[in-house]
Amino acid sequence: MAVLNIKVQEVFNEPACDKNQAKGEKERKKGCTKQLVPGAAAGGCAFDGAKIALQPIIDVAHIVHGPIACEGNGWDNRGSKSSGSLLYRTGFTTDISENDIIYGGEKRLYKAIREVIEKYDPPAVFVYQTCVTALIGDEIEAVCKAAKEKFNKPIIPINVPGFVGSKNLGNKLAGEALLDYVIGTEEPETTTPYDINIIGEYNLAGEMWQIKPLLDHLGIRVLACISGDARYHEVASSHRAKAAMMVCSKAMINVARKMEERYAIPFFEGSFYGISDTSDSLRQIAKLLVQRGAPEDLLSRTEILIRREEARAWERLNGYRKRFEGKRVLLITGGVKSWSVVSALQEVGLEIVGTSVKKSTDEDKERVKELMGEDAHMFDDLPPREMYKMLKEARADIMLSGGRSQFVALKAKMPWLDINQERHQAYAGYEGMVTLVQEIDKALYNPIWEQVRKDAPWQ
Amino acid sequence: MAIVSTSKKACTVNPLKMSQPMGGALAFMGLANCMPVLHGSQGCTAFGLVLFVRHFREAIPLQTTAMNEVTTIMGGMDNIEQALLNINKRAQPEIIGLCTTGLTETRSEDIHGDLKLIRQRHPELAKLPIVFVDTPDFKDAFQDGWSKTVARIIEELATKTTEAIPGQVNLLPGSHLTAADIEEIMEMIEAFGLTAVVLPDLSGSLDGHIPEQFTPTTLGGTTVDEVRSMGSSLATLAIGQQMERAALELEMRTGVSYTVFDRLTGLDANDRFLMTLSGLSGRPVPLKYRRQRSQLVDAMLDGHFYFGGKKVAIGAEPDLLWSLGTLMSELGCEIAAAVTTTYSPQLEKMPCAEVLIGDLEDLELRAKDCDLLVTHSHGRQASERLGIPLFRAGLPCFDRLGANHRLSVGYRGTRDLIFQIGNVFLEHSHENAPDSWPLPEANDEPATQAQTV
Ligand code: SF4
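Residues numbered from 1 in each chain as written. Chains lettered and ligands numbered in written order. Predicted model: local features only at pLDDT ≥ 70, side-chain atom pairs only at ≥ 80, totals over all residues. Heavy atoms only, no water.

## Let's talk about the sheet that holds strand β6 (residues 130-133) of chain B
Hydrogen bonding along the main chain pairs the strands of a sheet, whether they run parallel or antiparallel.
Residues and elements named next belong to chain B.
1) Next: Read across the sheet, four strands follow the order β4-β3-β5-β6 without closing on themselves; strand pairing throughout is parallel. Because the sheet does not close on itself, it has two edges, and the strands there are β4 (63-64) and β6.
2) Next: Pairing of strand β3 (residues 34-39) with β4, which is carried by two bridges, proceeds in the parallel orientation. Note on β4: the bridge partner recorded for Leu 38 is Thr 64.
3) Next: Helix α1 (residues 20-28) rests against β3, β5 (95-100) and β6 of the sheet, and its axis sits at about 170 degrees to β5. (Pairing = 2+ DSSP bridges. Helix = DSSP H or I, 4+ residues; strand = E, 2+ residues; numbered from the N terminus. Contact = heavy atoms within 4.5 Å. Axes fitted to C-alpha atoms, helices over the stretch in contact; angles between N-to-C directions.)

Right, here's the structure in full:
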């Protein structure tokens, strides 16, 4: 436990997190986890966050050490796609019983690792610690070490009992585990001047595959995506990349920064959501690679591709401008938001009437004002009741949010689109932006709205 | 008759089972204006929310006492207290249901005592019923959490009365029944001029209705007053073996006697149910059920061709396993594999050789040459790997619409179920081909064989 506490502190002190560095010494110690309010809390635990971050590694067996709750209630429920092994979708758990609580669960865990190796022979096993097994003092690091020596395979402890904090903290602890036990432990077969890592991308709904053709076209190789559609070997040998891109908020910034520190892999923060962000990210990748010795023509080839793909995207998007005239969007999403998506939506004629700023920094809030004008509504926390009222009173025509608030919109008989983790559509890159706009159009113009909003004839 | 065994593996692979507090929380969701709370860390509640939202496609009320490492070690009373106060203030529920989790059960707490203290300190909670249930994750399964919770609700709320409410019966549906099932059973009860208090009533709360306002608690379901009136009923009808515990609790507290119906799927089972209702009401079985019975008989006649001799693998909680397994076996199927989540006396009576308390890996291994796989949505991977069709049954069902509206009780529901499963058999029926009947390989060289003799 003591080791874990140190890790948690360390992660909270992340120097590359400007949000964190803006805080005072004392505040920073407390980290990003706010004290939760019993009876009014929402959100996943650290274990959940670690699983989200690592489960996309497709050929690894992910064993959850704990009672049935942690894995049994939620396995195989993520949208990360694989182009190969499906082992990551198999739910492994020690499903500990009362006896294990009394006598300790370490032996069961060790046997579980053996069973999994005998039956499934994965290149590596990840073992996740959870609340109950942490509380009874099971040392997963020790078990993993013994198993590693015995079975001669990487057995990686992911020490993330849910109660240490939020999903976000779990993401970071997952990253730490990769840094401590995985990255740099194997060598790639070959390297090229065009090798990059993409960090913090989980290939939800296959979004990596909206980006990969662009990179392929430029001859850029993704040495490792951490962790969407990744093989263990790719992550283990990712320290040989020439450059890295860190996507999706700050979830895995520790990985990007420490890889820069340890292996001199420069990185930038970018996003593949929205047209201009996609282009910027491609430019940045090319720039970093050229700085690291890739031939200069990469830059011009990138510009040509960008020009062509942007034009192709806008050509398809412009058709929606008329249909979107006067349509108002309520954008509720927990922090993971790309300004470039907002500006692209505005560009096609949608008006953003409100947005959540719960996890945003002051700087972010300034951006909102800049983009949406002074009277854009910014909500710190929009309770469902208010959300419902807003929609019911038709102060917005569509809500884009996560699954949690789905029924607030639907019960108000309002169009809704899933833009969070559980979504089934891929919204990355130029293709993704076109898909997003198509989906918004489909939702807005579905013929059901007229009928479902009508009162029953006897009312 | 089956031998019941428990899987000896150290590692559960592809869980069939879900945890007890989930079952408990769902039972609380069948109460009106209720806020279910998991006493544990926030993550457990988050997983529960996702699970139920994906199954019911509804907003789900579920809160947490938000325990962390320190509060777990120090004891959770402060968190329970704050949670109750916050929920009472923000959501104004009529009742709060508190289920413990593995975390809070590991360091066993005296929640009874805590609640007493909290009530003393906060007179504003005096009138608010708070029901708590022990549901550690490391014991038992979903179905147990459900049945324990119903028993606890009765223990807290049901009262002995001397006044009988004429024609009122109690209906205790097991966790394997859907909103459609409950509606169908109510209709059967009402057809005899009786009225039913249903506990818990998911057909009121999670049936997909469109509310006029947004409420943070459950909307629809059994009211606290209705539960209190259960002691004045004529009789209790418990559906599923799991509900005997609650029915017994009610009888002990109030004297209302009960009958357990092990299932309401199948011809015999419904005959017995309707005759019980007829006995209770003193009325004959209504005409419409006579017609429905003959429709079911006809469905069995039409369907048996496709069920006969088929090998089926079922993975489900005990009462669902029993309902589906016995029906399919009555139609001529062979139950080649049966896997379940927790012990129940019913299991030994299953019409198969073995019932295993295990996981979906166990089921997959045993289902190799079956014609049909029956389990919840998580069976989809096994179904694909084995190339065997999957008939989705049980919770969670996240990759099909209308999980809570599938009917499989009553004559009508049984009839429809026979059609649905029969159609899967029909769709995957085996077509004969020129190479369907090859001779055994040894016949290739009869001459040489003859010589060597
Ligand atoms: S909070 Fe703890 S017990 Fe609950 S799901 Fe997360 S790790 Fe498991």
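From this point on, the discussion continues.
## Some points on helix α13 (residues 287-307) of chain B
All names here are of chain B.
1) Next: The terminal C-alpha atoms of α13, which comprises 21 residues, lie 29 Å apart, in line with the 30 Å expected from a rise of 1.5 Å per residue.
2) Next: The largest bend in α13 is about 30 degrees, located at Leu 301.
3) Next: Its buried side turned inward, α13 meets α8 (179-190), α12 (267-281) and α17 (410-427).
4) Next: Note on α13: the residue one or two positions beyond its end, Gly 309, has a positive phi of about 80 degrees. (Expected span 1.5 Å × (residues − 1). Bend = angle between axes of the 7 residues up to and from the residue.)

## Some words on the packing of helix α14 (residues 275-291) of chain A against helix α15 (residues 297-318) of chain A
Residues and elements named next belong to chain A.
1) Next: With their axes 10 Å apart at the nearest point, α14 and α15 run at an angle of 170 degrees to one another. By the angle between their axes, α14 is roughly antiparallel relative to α15. In this structure, α14 uses Ile 275, Ser 279, Leu 282, Arg 283, Ala 286, Lys 287, Leu 289 and Val 290 to contact α15, whose residues at the interface are Leu 298, Leu 299, Thr 302, Glu 303, Ile 306, Glu 310, Ala 313, Trp 314 and Leu 317.
2) Next: Taken together, the residues of the contact of α14 with α15 sort by class into 11 nonpolar, two polar and four charged. (Parallel < 35°, antiparallel > 145°, perpendicular 65-115°, else oblique. Nonpolar A, V, L, I, M, F, W, Y, C, P; charged D, E, K, R; others polar.)

## A few points about the nonpolar core
Nonpolar side chains in soluble globular proteins generally cluster together in the buried interior.
1) Next: In terms of nonpolar packing, the biggest core is built from 100 residues, with B:Leu26, B:Phe52, B:Leu172, B:Phe273 and B:Met328 touching the most fellow members.
2) Next: At seven residues, the largest contribution of residues to this core is made by helix α7 (residues 142-157) of chain B.
3) Next: With sequence-adjacent residues up to four places away left out, B:Phe52 is seen in contact with B:Met22, B:Leu26, B:Met29, B:Arg57, B:Ile60, B:Phe142 and B:Leu395.
4) Next: A:Cys45, A:Ile57, A:Ile158 and A:Leu173 belong to the second-largest nonpolar core, a separate cluster that totals 57 residues. (Core = buried A, V, L, I, M, F, W, Y, C linked by side-chain atoms within 4.5 Å. Buried < 20%, exposed > 50% of the residue type's maximum accessible area, 1.4 Å probe, protein only.)

## Structural notes on a positive patch on the surface
Residue and element names in this part refer to chain A.
1) Next: Where like charges cluster on the molecular surface, the positive patch consists of Lys 107, Lys 111, Arg 114 and Lys 150.
2) Next: Residue contributions to the positive patch peak at three residues, all from helix α7 (residues 106-120).
3) Next: Position of Lys 150 relative to the elements: it lies in helix α9 (residues 140-151). (Patch = residues over 30% accessible without salt bridge, like charges linked within 9 Å, V, L, I, M, F, W, Y side chains within 5 Å. Areas by Shrake-Rupley, 256 points an atom, 1.4 Å probe, with all protein chains shown as cover. Salt bridge = Lys/Arg side-chain N within 4 Å of Asp/Glu carboxyl O. Lys, Arg positive; Asp, Glu negative; His and termini not counted. Charge placed at Lys NZ, Arg CZ, Asp CG, Glu CD.)

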